[in-house]
Amino acid sequence: VNGLGDIDFSGAINSYEISPSAIVSGEKASMTRFSISVNCNYMDTQKPEEDFEKSFSGYREFPSTQSFSTVEQELSEEIMDEIIELMFNEAFVNW
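Residues numbered from 1 in each chain as written. Predicted model: local features only at pLDDT ≥ 70, side-chain atom pairs only at ≥ 80, totals over all residues. Heavy atoms only, no water.

A. Region of interest: the nonpolar core. Counting 14 residues, the largest nonpolar core has F34, I36, F52, F56 and I83 as the members making the most contacts within it. Breaking this core down by element, the ones donating at least two residues are β2 (28–44), β3 (52–63) and α1 (68–93). Among the elements that make up this core, the one with the highest residue count is α1 (six residues). When neighbours within four sequence positions are excluded, F56 is seen to be in contact with I36, S37, V38, C40, I83, L86, M87 and E90. (Core = buried A, V, L, I, M, F, W, Y, C linked by side-chain atoms within 4.5 Å. Buried < 20%, exposed > 50% of the residue type's maximum accessible area, 1.4 Å probe, protein only. Helix = DSSP H or I, 4+ residues; strand = E, 2+ residues; numbered from the N terminus. Contact = heavy atoms within 4.5 Å.)

In structure tokens, the structure reads:
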């Protein structure tokens, strides 16, 4: 297809971070939270009143005893699947 179709999604990851959660004693965390946030631009050339720009995010927690590098791939796929579903619902389900 040359040019834009009737519907166009564009966006960028605007946050990709890990942070401690479930603080147990002192400053020690038993869990770590991995969060991703994506800014999405949606354009519908047939229904421009439904265009939007919105941020979508998701997270997963994992035990702090695990290395982030060992869980990053699996958790990032889970989070991105969730974010894609949220974007789809916002664009097409209208609820």
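Resuming the write-up.
B. Here's a closer look at the pattern of salt bridges. Within the structure shown, the criterion is met by four salt bridges. Here E61 makes a salt bridge to R33, at a shortest N to O gap of 2.7 Å. In this pair, E61 is assigned in strand β3 and R33 in strand β2, connecting sequence segments 28 residues apart. In this structure E61 comes out as partly exposed when scored by relative accessible area, which is 34%. The partner of K54 in a salt bridge is E90, and the shortest N-O contact between them spans 3.1 Å. Of this pair, K54 sits in strand β3 while E90 is found in helix α1, placing the two residues 36 residues apart along the sequence. For E90, a relative accessible area of 32% puts it in the partly exposed group. A network of salt bridges, in which partner residues are shared, links R60, E78 and E82. (Salt bridge = Lys/Arg side-chain N within 4 Å of Asp/Glu carboxyl O.)

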